[in-house]
Amino acid sequence: MPKIDLVAIPQSNATGYPGDHARAVAGRHYRRLGPATGLGDFGVSHVVLKPGAASSQRHWHEGEDEFVVMLSGEAVLVEEGGRTPMVAGDMAAFPKGVANGHHLLNESDTDCVFLAFGRPSVSDCHYPDIDLHLSGGVYRHKDGSVFA
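Residues numbered from 1 in each chain as written. Predicted model: local features only at pLDDT ≥ 70, side-chain atom pairs only at ≥ 80, totals over all residues. Heavy atoms only, no water.

A. Representation of the pairing of strand 4 (residues 66–72). Bridge count between strand 4 and strand 7 (residues 91–94): 4 bridges; the pairing is antiparallel. Bridging across to strand 7, E66 finds its partner in F94. Both strand 4 and strand 9 (residues 112–118) contribute to a ladder of 5 bridges, which runs antiparallel. Within strand 9, the position partnered with V68 by the bridge is A116. (Pairing = 2+ DSSP bridges. Helix = DSSP H or I, 4+ residues; strand = E, 2+ residues; numbered from the N terminus.)

B. Local environment of the sheet that holds strand 8 (residues 102–105). The sheet built from 3 strands is open, its strands ordered 6-5-8 with antiparallel pairing. Every other strand in the sheet has two partners, leaving strand 6 (82–87) and strand 8 as the edge strands with one partner each. Taking each pair of neighbouring strands and ignoring which way they run, the sheet shows an average axis angle of 25 degrees. (Axes fitted to C-alpha atoms, helices over the stretch in contact; angles between N-to-C directions.)

C. Looking closely at the pattern of salt bridges. Inspection of every chain in the model, using the stated rule, returns 5 salt bridges. Two residues, D20 and R23, come together in a salt bridge whose shortest N-O distance is 2.7 Å. We classify D20 as exposed; its relative accessible area is 61%. Residue R58 is joined to E80 by a salt bridge in which the shortest nitrogen-to-oxygen separation is 2.8 Å. Here E80 lies in the loop between strand 5 (74–79) and strand 6 and R58 lies in the loop between strand 2 (43–49) and strand 3 (60–61), a separation of 22 residues in the sequence. R58 gets classed as buried once you look at its relative accessible area, which sits at 10%. (Salt bridge = Lys/Arg side-chain N within 4 Å of Asp/Glu carboxyl O. Buried < 20%, exposed > 50% of the residue type's maximum accessible area, 1.4 Å probe, protein only.)

D. Spotlight on the environment of H126. As for its position among the elements, H126 is in strand 10 (residues 125–127). The exposure class assigned to H126 is buried, which follows from its relative accessible area of 19%. Apart from residues no more than four positions distant in its own chain, H126 is found in contact with R58, H59, W60, E62 and H133. Polar side-chain contacts of H126 include one of 3.5 Å to the side chain of H133. (Contact = heavy atoms within 4.5 Å. Polar contact = N/O pair within 3.5 Å; in protein donor to acceptor, adjacent residues only side chain to side chain.)

E. Structural view of the nonpolar core. Counting 14 residues, the largest nonpolar core has L49, M70, L104 and F114 as its most contacted members. Mapped onto this core, the elements with two or more residues apiece are strand 2, strand 4, strand 5, strand 7 and strand 9. Leave out the neighbours within four places in its chain, and L104 touches L49, A53, A54, S55, V68, M70, A75, V76, L77, M86 and F114. V25, C125, L134 and Y139 belong to the second-largest nonpolar core, a separate cluster that totals 9 residues. (Core = buried A, V, L, I, M, F, W, Y, C linked by side-chain atoms within 4.5 Å.)

F. Structural view of the side chain of S123. Mapped onto the secondary structure, S123 falls in the loop between strand 9 and strand 10. Polar contacts involving the side chain of S123 include one to the main-chain amide nitrogen of G63, which spans 2.7 Å.

G. Summary view of the packing of aromatic side chains. Evaluation of the coordinates by the stated rule reveals 4 aromatic pairs. Plain terms: the ring middles of Y17 and Y127 are 5.8 Å apart, the flat faces sit at 85 degrees to each other, and that makes the pair edge-to-face. One end of the pair, Y17, is in the segment before strand 1 (28–32); the other, Y127, is in strand 10, with 110 residues separating them in the sequence. Residue Y17 is classed as buried on the basis of its relative accessible area of 9%. Aromatic side chains F67 and F117 sit 6.1 Å apart centroid to centroid with 65 degrees between the ring planes, which places their arrangement in the edge-to-face category. Note that F67 is positioned in strand 4 and F117 in strand 9, a separation of 50 residues in sequence. (Phe/Tyr/Trp six-rings, centres within 6.5 Å; stacked < 30°, edge-to-face > 60°.)

See below:
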């Protein structure tokens, strides 16, 4: 297997979050490793969180597993059960269908880096803290209306 040239893979901080919900991830930068390396069964993203940034809005997926591995720096895993510090070498798993809203926050003064494994969301995704729900690939308000 050839070594992956990380710098050759485009980095993005794009998000599909509508409106003000995008602000939390403005300091999140990622590289999608799967398409660049020919992986098709699952996705892998190399993620850098700048100080103050979140990996996502706190969420959980009905039909997609997620797994993260911290590579450097530190972050706080925020989930239903509380807050857990995460440092290099730490891992966390989020099985599909488990209503445990989660995300990582970089509350330190340096970047943190991690790998996120999963698949693109094709099932519903729930956001317990905010008026947001992903259904059918469309972000909606919890009442079902589509964001304008």
